[in-house]
Amino acid sequence: MTRYGRVYSILLMVVLLSSCGLAARPGETMLESRDDFIQRLRWQDCNGAGRYLAAEHKEAFLENCQADEDLHFVGVQPQSVDLSDDQRQADTVTLLEYYRLPSVVVKKYRLRQEWAYRQGEGMKQGFWQIVDPFPELP
């Protein structure tokens, strides 16, 4: 192997090995996903929040969210995240403060959700998804 061939081989190996460290561990991306989900709830962005629900629960969530025009969130505050040891499951608690017209009485609801990390296919990055249905708010 020529001198330049060795240099190119070493550079290629350095680039490939350093790119392995760029992939985020599932636990590191959980808070970003949870925060984006609750921000979209706060904005009442049904489609954006619905992206985080598992396919079997997404349609029901979208129907309820879009049909309930009288529901208004006053506050959506994250309270806790409990990650599993392998960082592929998470239980979250979020405090929802809301009112439903014509009432102006603010109600509080502790939303508990189970999240699961879904591995991406091929070169696609994995993503977090809510695996339980979104409850009907009282």
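Structure's up top.
Residues numbered from 1 in each chain as written. Predicted model: local features only at pLDDT ≥ 70, side-chain atom pairs only at ≥ 80, totals over all residues. Heavy atoms only, no water.

**Q** Sorry, what's going on with the sheet that holds strand E4 (residues 127-130) here?
**A** Within a beta sheet, neighbouring strands are joined by backbone hydrogen bonds and run either parallel or antiparallel to one another. Ordered by their spatial adjacency, four strands build an open sheet running E1-E2-E3-E4, and the pairing between neighbours is antiparallel. Only two strands of the sheet have a single partner each, and these edge strands are strand E1 (71-83) and E4. Adjacent strand axes in the sheet meet at a mean angle of 30 degrees, parallel and antiparallel pairs treated alike. Strand direction decides the pairing type here: strand E2 (residues 89-100) and strand E3 (residues 107-118), joined by 10 bridges, are antiparallel. When the bridges of E3 are listed, Gln89 appears paired with Ala116. Its contacts with the sheet place helix H2 (residues 26-42) against E1, E2, E3 and E4, and it is angled at close to 165 degrees to E1. (Pairing = 2+ DSSP bridges. Helix = DSSP H or I, 4+ residues; strand = E, 2+ residues; numbered from the N terminus. Axes fitted to C-alpha atoms, helices over the stretch in contact; angles between N-to-C directions. Contact = heavy atoms within 4.5 Å.)

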